[in-house]
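Architecture at a glance
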Amino acid sequence: MSGTLAAMLALAGCGSGGDTTAKPKPGPTASASAAVTGPAPSPSVSTAPGTLPTAYTFTPDPARVPHTPEQARRLTRAAALDPDSWSAGMVAHDPYESAGDWPVLAADCSWSRAGLPDGVLDSYTRKIDVPAKDGKGRVFGSVTLTVHRDAAAADRDMQETVQQSFRCPDQDLGDGQSLQGLLSMHQPKESVLNADASLFEAGKFTSPESGGPQGYVWTKSRIGSVVMALSVKGAQGYETRDLLMVAAEGAAKALYRVELELKS
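Residues numbered from 1 in each chain as written. Predicted model: local features only at pLDDT ≥ 70, side-chain atom pairs only at ≥ 80, totals over all residues. Heavy atoms only, no water.

A few points about the state of the cysteines
What the rule picks out here adds up to one disulfide. Linked covalently through their sulfurs, C109 and C168 form a disulfide whose S-S length is 2.0 Å. Negative torsions about the S-S bond denote left-handed disulfides, and the value of about -75° found for C109 with C168 makes this one left-handed. Of this pair, C109 sits in the loop between strand 2 (101-105) and strand 3 (111-115) while C168 is found in the loop between helix 5 (151-167) and strand 6 (171-174), placing the two residues 59 residues apart along the sequence. In terms of burial, C109 and C168 fall into one category: buried. (Disulfide = S-S within 2.5 Å. Helix = DSSP H or I, 4+ residues; strand = E, 2+ residues; numbered from the N terminus. Buried < 20%, exposed > 50% of the residue type's maximum accessible area, 1.4 Å probe, protein only.)

Laid out in structure tokens, this is it:
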């Protein structure tokens, strides 16, 4: 089992609130581990044939790093996942895209949207779902790419995120949607092989259509000044482990696309 997947499963188990459907089954498939680890090692990582990299050493090409909002928008649109590039069978949500705003967590633990803060060049979101089928509900996915002015600002964004779940383990998303029992953790640097830094969050999601609390997983990673955040809100018929696999596949592919945009 990859270290990243193990951490995600452990975190999701801690946030399951005793719900046995949220407990992972042992033994992920090889393809699942590969999805979390990401695509083939970056060319910047030197490894012997047949071995996996032991560290992430990719360095963005300075000429490819966005320094203006226009450059940032080009990167976020080019690197963004669409339904087919996330996973076969996924579909666009309605609404599908949003851009140019920023989530704000208020003192009462409710979320709202505001303009982009200073230092953020662009933030672009696509919502992509697993449609309802075979007696299972619709799973809501979301992936956001944010470009900061520099890597230090992107790192501060990562550091602040975990503090939000500590301050507000229960959060109001609006429109009758909410998150409960959130737990976040930074992934140890030595186990992150496809980004400069990563963190994970798990808890429960409830909406008027959810049929009660469902699993929720969220991951956020940074490559240089670019931050990728991806969430998966569960539905009836899905175990937390299923949601982790959806999130892991999407996150690995999104990070790979970001890296391609930053390569020389």
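What to know about the environment of R113
Within the secondary structure, R113 is located in strand 3. With a relative accessible area of 49%, R113 lands in the partly exposed category. Residues R113 and D101, spaced twelve residues apart in sequence, show a C-alpha to C-alpha distance of 6.2 Å. With near-sequence residues (within four places) excluded, R113 lies in contact with D101, W102 and P103. Within polar-contact distance, the side chain of R113 engages the side chain of D101 at 2.9 Å. (Contact = heavy atoms within 4.5 Å. Polar contact = N/O pair within 3.5 Å; in protein donor to acceptor, adjacent residues only side chain to side chain.)

Comments concerning the packing of aromatic side chains
Taken as a whole, this structure holds one aromatic pair when the rule is applied. Aromatic side chains Y56 and F58 sit 6.2 Å apart centroid to centroid with 50° between the ring planes, which places their arrangement in the tilted category. For the pair formed by Y56 and F58, the shared burial category is buried. Above the face of the Y124 ring, R77 is positioned so that its terminal group lies 4.1 Å from the ring centre. (Phe/Tyr/Trp six-rings, centres within 6.5 Å; stacked < 30°, edge-to-face > 60°. Lys NZ or Arg CZ within 6 Å of the ring centre and 35° of its normal.)

As for the pattern of salt bridges
Scanning the entire structure with this criterion turns up nine salt bridges. We note a salt bridge from K253 to E249, for which the minimum N-O separation is 2.8 Å. Linking K253 with E249, this pair stays in helix 6 (residues 240-262), spanning four residues, or about one helical turn. The exposure class assigned to K253 is partly exposed, which follows from its relative accessible area of 29%. Several salt bridges share partner residues, and in doing so they unite D155, D196 and R222 into one network. (Salt bridge = Lys/Arg side-chain N within 4 Å of Asp/Glu carboxyl O.)

Observations concerning the side chain of T146
Within the secondary structure layout, T146 lies in strand 5 (residues 139-148). Residue classification places T146 among the buried residues on the basis of a relative accessible area of 5%. Reaching out from T146, the side chain makes a polar contact with the side chain of S123 at a distance of 3.0 Å.

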